[in-house]
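# Inside the fold
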Amino acid sequence: MELLFAASEVAPFSKSGGLGDVAEALPAALVAAGDAVAVVSPRYGFIDAAWHGFTPCERAVRARGDATTVWSRRRGRLTHYLVEHDRFFGSRRGLYGEHGHEYGDNAERYAWFCRAALEVPAAFGHRPAVVHLNDWPTALAAWLLRHEHATDPALARARSVFTIHNLSYQGSFSKELMPALGLPWELFGPDGVEFHGRLNLMKAGLAYADAITTVSPTYAREITTPEGGAGLDGLLRARAGQLTGILNGIDASAWDPSSDPHLTAHFDTHHLAGKAACKRSLQEELGLPERADLPLLALVGRLADQKGIDLVLAALPELTRRDLQLAVLGSGRRDWEEALQQAARHHGSRLAVRIGFDEGLAHRIEAGADLFLMPSRFEPCGLNQLYSLRYGTVPVVRRVGGLADTVEDFDGWRNGTGFVFTDYEPRALLTAVRRGLELYRDKRAWHAMMRRGMALDHSWARSAERYRELYRGLTER
Ligand code: ADP
């Protein structure tokens, strides 16, 4: 089957979070299963296309008058396209914003990208059976496909799939932008892109895609409830028949503790000694005392409301009183960045904080830590707990979304892969951590726990098969 996959970030070219990882790994898994996939993403200013093996194409695509150069890279049945637009992407150092502020023209930028992405099949000889769209930046393409490509021989028969990676980013803009985006006012209604008087680009995906997916079964249920639906639960309930939850996988070659190039030592289920070496070098790298006996807790992620950072901050006074170390890597809310750094200045021997985005350090933390904290308020799927499981770093997670689907609570005996808590309260987090610290003291039981997590298979092959079934169901109709 031929597919077009469009995303605003595709690792390793661009990435701000889990979407970039998925947009890298899912197409590759689909290709491994026998499909042909064209992946389209913007060429941001920081992407060195030539270095990544891209060459500029002779043919340009034209979206709303602006011709664009397209770079392509072909590896067997997997082709990547980067579309250029100097003003919208080439001149930007960030993806969606810089210095904690969103760019003011994100609606124009991604509406343009949607149109450019849909020009790619005709320009480069693809006839995708399915166009797979991801999150609000590509949502408008679901509507464009029906209204601007109804007679395009390359796309007229294509079905669309819209995947919600995170319902809380909806692409909400002033309705006054409708004409500038080339959208007719008929589209601005409750069944279209209107939401509380504003233009909501995600709604174009929810209302017009032939199928909707999200990244875990539990999140698929949660978003149809008023508590989890971010205002869109009514629409999602109305489309419940077309909504499925398919768990994300992980790129098992990039995240493999037995060969990870970011690590100084390697390990697997049968040889855990390398993990102790990784812990030692991580402590050294972070300026923490090199103590094998102290449990090392870690947190890597966006410092956003979703991630439960407020729980961690509230639990810090208690955590820093105990015999443990805590490493935090992340960036996001300024006040939280500052609060964490401030705490690290006070508790330097116990708490190490690195603000920023550092892929290598994220790998070394996963490898070197003993316990990994993910106390999320909500979590569509979450990848870090899956990396943790693979790296023998026992996850402490809240029972929400994909965390509930992937981490099994320790039963106090010999089952379970982590520590799970329910209430969104610092006490509940601390209780789960305390259970973890207790088990950590029993080395045999702890190693058994690590090994149960490490033995799980969260590679993409199985999830890709679920997507292929969905694509087949759509095209056979
Ligand atoms: P989300 O998509 O909500 O950010 P996920 O857990 O699904 O959360 O994916 C986060 C991805 O981004 C993981 O690959 C994680 O390692 C990476 N990541 C997040 N913050 C950082 C950071 N500061 N440095 C390096 N990698 C990070």
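Residues numbered from 1 in each chain as written. Predicted model: local features only at pLDDT ≥ 70, side-chain atom pairs only at ≥ 80, totals over all residues. Heavy atoms only, no water.

So, about the site of the ligand. The immediate surroundings of the ligand are formed by 20 residues, with Gly18, Asp21, Arg302, Lys307 and Gly356 found nearest. In the model, a nitrogen atom of the ligand is placed 2.7 Å from a nitrogen or oxygen of the Gly356 main chain. Protein contacts shield 94% of the accessible area of the ligand, which totals 560 Å² for the unbound molecule. When contributions to the shell around the ligand are tallied by element, the ones reaching two or more residues are helix H1 (18–32), strand S17 (296–303), strand S18 (325–332), helix H11 (359–368) and helix H12 (384–390). Tallied by class, the residues present in the shell around the ligand amount to six nonpolar, eight polar and six charged. Counting contributing residues, the shell around the ligand receives three or more from each of domain 1 (2–249 + 460–475) and domain 2 (273–454). (Near = heavy atom within 4 Å. Polar contact = N/O pair within 3.5 Å; in protein donor to acceptor, adjacent residues only side chain to side chain. Areas by Shrake-Rupley, 256 points an atom, 1.4 Å probe, with all protein chains shown as cover. Helix = DSSP H or I, 4+ residues; strand = E, 2+ residues; numbered from the N terminus. Nonpolar A, V, L, I, M, F, W, Y, C, P; charged D, E, K, R; others polar. Domains from an automatic or database assignment.)

It is worth spelling out the side chain of Lys279 at this point. Along the polypeptide, Lys279 turns up in helix H8 (residues 273–286). Among the polar contacts made by the side chain of Lys279, one reaches the side chain of Asp370 at a distance of 2.7 Å. Of note is the side chain of Lys279, whose polar atom sits 3.0 Å from the side chain of Tyr440. If we skip the residues at most four places from it in the chain, Lys279 touches Arg291, Ala292, Leu294, Pro295, Leu296, Gly368, Asp370 and Tyr440. (Contact = heavy atoms within 4.5 Å.)

Turning next to the pattern of salt bridges. Counted under the stated rule, the structure contains 23 salt bridges. For Glu379, the salt bridge identified is with Lys307, shortest N-O distance 3.0 Å. Note that Glu379 is positioned in the loop between strand S20 (371–374) and H12 and Lys307 in the loop between S17 and helix H9 (309–319), a separation of 72 residues in sequence. Note on Glu379: relative accessible area 3%, which makes it buried. The residue Arg333 makes a salt bridge to Asp335 at a minimum N-O spacing of 2.5 Å. (Salt bridge = Lys/Arg side-chain N within 4 Å of Asp/Glu carboxyl O. Buried < 20%, exposed > 50% of the residue type's maximum accessible area, 1.4 Å probe, protein only.)

On to the packing of H9 against helix H10 (residues 334–346), then. Where H9 contacts H10, the two axes come as close as 11 Å, and the packing angle between them is 25°. It follows that H9 is roughly parallel to H10 by the angle criterion. Relative to H10, H9 is oriented so that their crossing is left-handed. In this structure, H9 uses Ile309, Asp310, Leu313 and Leu316 to contact H10, whose residues at the interface are Trp336, Ala339, Leu340 and Ala343. Here the contact of H9 with H10 is built from residues that sort into seven nonpolar, no polar and one charged. (Axes fitted to C-alpha atoms, helices over the stretch in contact; angles between N-to-C directions. Parallel < 35°, antiparallel > 145°, perpendicular 65-115°, else oblique. Left-handed = near helix turned anticlockwise from the far one by under 90°.)

Between its first and last C-alpha, helix H15 (residues 443–454) extends 16 Å over 12 residues, near the 16 Å set by a 1.5 Å rise per residue. For H15, the complete set of buried residues consists of Trp446, Met449, Met450, Gly453 and Met454. Buried residues of H15 fall within an arc of 135° about the axis and therefore sit on the same side. (Expected span 1.5 Å × (residues − 1). Arc of directions from axis to C-beta.)

Turning our attention to the sheet that holds strand S14 (residues 198–200). Spatially, three strands are ordered S12-S14-S13 in an open sheet, and the strand pairing comes out antiparallel. Looking at the sheet topology across the chains shown, the edges are occupied by strand S12 (172–173) and strand S13 (194–195). Docked against the sheet, helix H5 (residues 201–208) engages S12, S13 and S14, running at close to 55° with respect to S14. (Pairing = 2+ DSSP bridges.)

Moving on to the domain arrangement of the chain. Under the domain assignment used here, the chain contains domain 1 (2–249 + 460–475) and domain 2 (273–454). Opposite the 19 residues of domain 1 that make contact, domain 2 presents 19 residues. The interface formed by domain 1 and domain 2 holds one salt bridge in total. In this structure, Glu359 and Lys15 form a salt bridge, with 3.5 Å as the shortest nitrogen-oxygen distance. Sorting the residues of the side of domain 1 that touches domain 2 by element identifies H1 and helix H6 (217–222) as the ones contributing at least two each. For the side of domain 1 that touches domain 2, the element with the most residues is H6, which contributes four residues. Residues that form the side of domain 1 that touches domain 2 fall into these classes: five nonpolar, 11 polar and three charged.

In a beta sheet, neighbouring strands pair by backbone hydrogen bonds and run either parallel or antiparallel. Taken in spatial order, the nine strands line up as S3-S6-S7-S2-S1-S10-S11-S15-S16 in an open sheet, and their pairing is mixed. The sheet is open, and its two borders are formed by strand S3 (55–56) and strand S16 (243–245), each paired with just one other strand. Where strand S11 (residues 159–164) and strand S15 (residues 211–214) come together, four bridges link them in parallel fashion. Within the sheet, the bridge partner assigned to Thr163 lies in S15 and is Thr213. Sitting on the sheet, H1 is in contact with strand S1 (2–6), strand S2 (36–42), strand S7 (78–83) and strand S10 (130–134), with an inclination near 160° to S2.

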